Amino acid sequence: MSNKLTVSLSPHVHSGDSVSKNMYGVLIALLPAMICSFVFFGIGAILVTAVSVASCVFFEWAINKYLLKNPQSTICDGSAILTGVLLAFNVPSNLPLWIVILGALFAIGVVKMTFGGLGCNLFNPALAGRAFLLISFPVQMTTWPNPGLGFMTIADASIEGQTGATPLALMKQGQAVDMDFWDMLIGKMGGSLGEVCALALLLGFVYMLVRKIITWHIPVSILATVAVCAALLHWANPAYATPTTHLFSGGLMLGAIFMATDYVTSPMSKKGQIIYGVAIGFLTIVIRTWGAYPEGMSFAILIMNAFVPLINTYCKPKRFGEVVKK
């Protein structure tokens with residue numbers, strides 16, 4: 001029997017979690033929204049998702065192998081696949097595939113791998129890729145196909161007359177938005193292919209909470225802040241959209257549940273997560289109401305990604321045995 005004392009870095013107690021386990025857990029949670037996007041938008045959604053995922057995996061493999069000379073491949077941990085799915089969920093289903101590939105290259109090559117790969121990136125890669133595409137190709141990124149009535153009804157936006165404005169775009173134009181609650185809940189409206197069905201996203205949220213993949217702090221703080229701010233604005237001036245319209249339209253549910261909760265780009269402490277969520281919700285309402293773009297969720301998350309190191313610095317949990325000085 002060896003009496004050698006082995007000293008290693010923390011953590012010393014392992015929970016059984018791993019990067020791949022959590023990444024594939026999030027992918028499972030995204031399945032309901034993915035199925036709904038395929039049903040609503042048909043073959044266009046399938047092609048965009050497949051190309052986005054394949055491009056993200058390829059670029060991560062190629063950069064690791066040929067630029068970073070890293071013999072350890074990370075393409076099997078699920079992070080590149082998840083980035084590809086989330087990037088696809090943030091674009092229209094009629095987006096030209098070469099633009100999808102450019103977005104994947106920016107997300108993986110610039111935002112993720114330039115900073116050192118998984119765990120080192122400051123910004124959410126999928127959201128940064130969406131912002132890059134929105135700024136570079138505003139027309140293509142804001143041409144929304146209307147959802148079809150079923151999988152066999154393909155929403156082909158190349159046919160004029162099958163595209164329409166999203167509820168947020170109508171609000172930005174000053175038009176009254178009076179959408180049925182159930183239509184917004186099940187996804188009977190235009191938008192990016194993964195954001196339209198709020199019910200499917202909420203099912204994924206419940207799954208991740210039950211599996212303890214994420215905690216409630218960030219999503220709930222975002223949704224609550226948006227609801228309160230929207231209610232105050234609507235109370236002050238009924239011309240502003242109702243809280244229900246804000247909550248169930250655009251990328252709010254997708255961003256709050258799946259994007260803002262990214263492990264790498266969100267705060268570590270519970271207090272920090274609530275501050276982070278409240279700030280995202282407030283910025284979202286500000287951008288949606290007075291900004292140039294109808295959707296503010298992506299920009300709000302990216303802005304707060306930059307503040308995460310500062311939040312972590314000032315919201316450190318109390319160390320075990322620490323005596324707070326008066």
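Remember, predicted model here, so these are calculated numbers, not experimental data. (Residues numbered from 1 in each chain as written. Predicted model: local features only at pLDDT ≥ 70, side-chain atom pairs only at ≥ 80, totals over all residues. Heavy atoms only, no water.)

**Some thoughts on the environment of Gly 109**
So, step 1. If you trace the backbone, Gly 109 turns up in helix 4 (residues 97–112).
So, step 2. In this structure the C-alpha to C-alpha distance between Gly 109 and Ile 63, which are 46 residues apart in sequence, comes to 7.2 Å.
So, step 3. The contact partners of Gly 109, leaving out residues within four places of it in the chain, are Ile 63, Ala 104 and Thr 114. (Helix = DSSP H or I, 4+ residues; strand = E, 2+ residues; numbered from the N terminus. Contact = heavy atoms within 4.5 Å.)

**Focus on the confidence of the model for the protein**
So, step 1. Here the protein averages 84 in pLDDT, while 82% of its residues score no lower than 70.
So, step 2. Predicted confidence for residues 149–162 stays below pLDDT 50, and this span has 24 contacts to residues more than four positions away or in other chains. (pLDDT = per-residue confidence, 0-100.)

**What about the packing of helix 3 (residues 79–89) against helix 4?**
So, step 1. With their axes 11 Å apart at the nearest point, helix 3 and helix 4 run at an angle of 135° to one another. Classed by the angle they form, the pair helix 3 and helix 4 counts as oblique. Here helix 3 runs over helix 4; the crossing is right-handed. Residue-level contacts link Ser 79, Ala 80, Thr 83 and Leu 87 of helix 3 to Val 100, Gly 103, Ala 104, Ala 107, Ile 108 and Lys 112 of helix 4.
So, step 2. Grouping the constituent residues of the contact of helix 3 with helix 4 by class yields six nonpolar, three polar and one charged. (Axes fitted to C-alpha atoms, helices over the stretch in contact; angles between N-to-C directions. Parallel < 35°, antiparallel > 145°, perpendicular 65-115°, else oblique. Left-handed = near helix turned anticlockwise from the far one by under 90°. Nonpolar A, V, L, I, M, F, W, Y, C, P; charged D, E, K, R; others polar.)

**A closer look at the side chain of Glu 60**
So, step 1. Topologically, Glu 60 is positioned in helix 2 (residues 43–67).
So, step 2. Excluding residues within four positions of it along the chain, Glu 60 makes contact with Thr 74, Ile 75, Ser 79, Ala 80, Ile 108, Lys 112 and Met 113.

**What to know about helix 14 (residues 297–314)**
So, step 1. Taking 1.5 Å as the rise per residue, helix 14 with 18 residues should run 26 Å; its terminal C-alpha atoms sit 25 Å apart, in good agreement.
So, step 2. Of all the bends in helix 14, the greatest, near 45°, is centred on Phe 307, and the proline Pro 309 appears no more than four residues after it.
So, step 3. Burial in helix 14 covers these residues: Met 297, Ser 298, Phe 299, Ala 300, Ile 301, Leu 302, Met 304, Asn 305, Val 308, Ile 311 and Asn 312.
So, step 4. Looking at the buried residues of helix 14, the elements they touch are helix 5 (125–136), helix 10 (217–236), helix 12 (252–259) and helix 13 (270–290). (Expected span 1.5 Å × (residues − 1). Bend = angle between axes of the 7 residues up to and from the residue. Buried < 20%, exposed > 50% of the residue type's maximum accessible area, 1.4 Å probe, protein only.)

**A short note on the environment of Asn 312**
So, step 1. Examined against the element boundaries, Asn 312 turns out to sit in helix 14.
So, step 2. With 44 residues separating them along the chain, Asn 312 and Met 268 place their C-alpha atoms 6.5 Å apart.
So, step 3. Within the structure, the side chain of Asn 312 is placed 3.0 Å from the backbone nitrogen of Met 268, a separation counted as a polar contact. (Polar contact = N/O pair within 3.5 Å; in protein donor to acceptor, adjacent residues only side chain to side chain.)

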